[in-house]
Amino acid sequence: GRDRDSAPFFRALGGVTAAIGTTPTEAIGRIDLRSMGTLQPDVKRLHQRLKGGISSDACWSRFAAETGSELIRRTTSIFWDGIRAGGDAGRVGFLSSRYAMHLHLLRAKRALVAGTFGWLMMPMHLVLVTLLSFITEIFGLFSGEIIKAQSTALAQGPGVDASTASQIPTNNLIGFGALDMSFVRTLILLVVVTLTLVNGFVTNAA
């Protein structure tokens, strides 16, 4: 909120300073602080310190530090350095305001892209994990049924009907049934955990 409200503040301050031909300290007193939004308490403290005769450099530096915003710190530096160097207050206020607004809009755009990416990653991750779990369970059930069929065929031994025995591919069943499903489930669990960590990191990085 402070980043958003910084651009109107510096634009208004530069404009009022240039319009009445006075210092930023007097110009702050002419601005309705209620229009400063979230910056109102910070601007009020800044004005009180400037009126109290404290060093202007220290006041502006303290103002930037108390907001806790890197954007305001840079914008304040642009504005106050420009004013202190004798620049036109209106022009300096416009340029510093434009800088603050440009960065604020870029950050808003970045937040929108990252938020959209995050909401896309969550359903994709959920679908992938569900598919992996579902296919693993189906594979396990199918493997169990084949093992049962293989055991039944072997248990019948010589008494099994020749036509039935010829239809059961015993070798293939033994090869298929030899898979260790506990290993497969452990592998899938590791994949799911890895995907969870990676997707969480990617969303954060975005």
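From a predicted model like this one, the values you see are computed outputs, not experimental measurements.

About the thresholds
Residues numbered from 1 in each chain as written. Predicted model: local features only at pLDDT ≥ 70, side-chain atom pairs only at ≥ 80, totals over all residues. Heavy atoms only, no water. Patch = residues over 30% accessible without salt bridge, like charges linked within 9 Å, V, L, I, M, F, W, Y side chains within 5 Å. Areas by Shrake-Rupley, 256 points an atom, 1.4 Å probe, with all protein chains shown as cover. Salt bridge = Lys/Arg side-chain N within 4 Å of Asp/Glu carboxyl O. Helix = DSSP H or I, 4+ residues; strand = E, 2+ residues; numbered from the N terminus. pLDDT = per-residue confidence, 0-100. Expected span 1.5 Å × (residues − 1). Buried < 20%, exposed > 50% of the residue type's maximum accessible area, 1.4 Å probe, protein only. Arc of directions from axis to C-beta. Contact = heavy atoms within 4.5 Å.

Together, Val127, Leu131, Phe134, Ile135, Ile138 and Leu141 make up a nonpolar patch on the protein surface, roughly 600 Å² of accessible area in all. Position of phenylalanine 134 relative to the elements: it lies in helix 6 (residues 89–156).

On to the confidence of the model for the chain. Scored by pLDDT, the chain comes out at a mean of 83, with 87% of its residues at no less than 70. The least confident element of the chain, judged by mean pLDDT, is helix 7 (residues 162–166) at 47; the most confident is helix 5 (residues 70–84) at 93.

A few words now on helix 4 (residues 56–67). Since the α-helix advances by 3.6 residues per turn, residues separated by three or four positions end up pointing in the same direction. Taking 1.5 Å per residue, 12 residues should reach 16 Å; helix 4 reaches 17 Å between its end C-alpha atoms and fits that length. Within helix 4 the residues assigned to the buried category are Cys59, Trp60, Phe63, Ala64 and Thr67. Down the axis of helix 4, the smallest arc covering the buried residues is 130 degrees, so these residues share one side. The inward-facing, buried residues of helix 4 contact helix 1 (2–20), helix 2 (24–30), helix 3 (40–51) and helix 5.

Quick look at the side chain of serine 96 now. One can find serine 96 in helix 6. For serine 96, a relative accessible area of 0% translates into the label buried. Discounting residues that sit within four places of it in the chain, serine 96 has contacts with Phe10, Thr75, Ile78 and Phe79.

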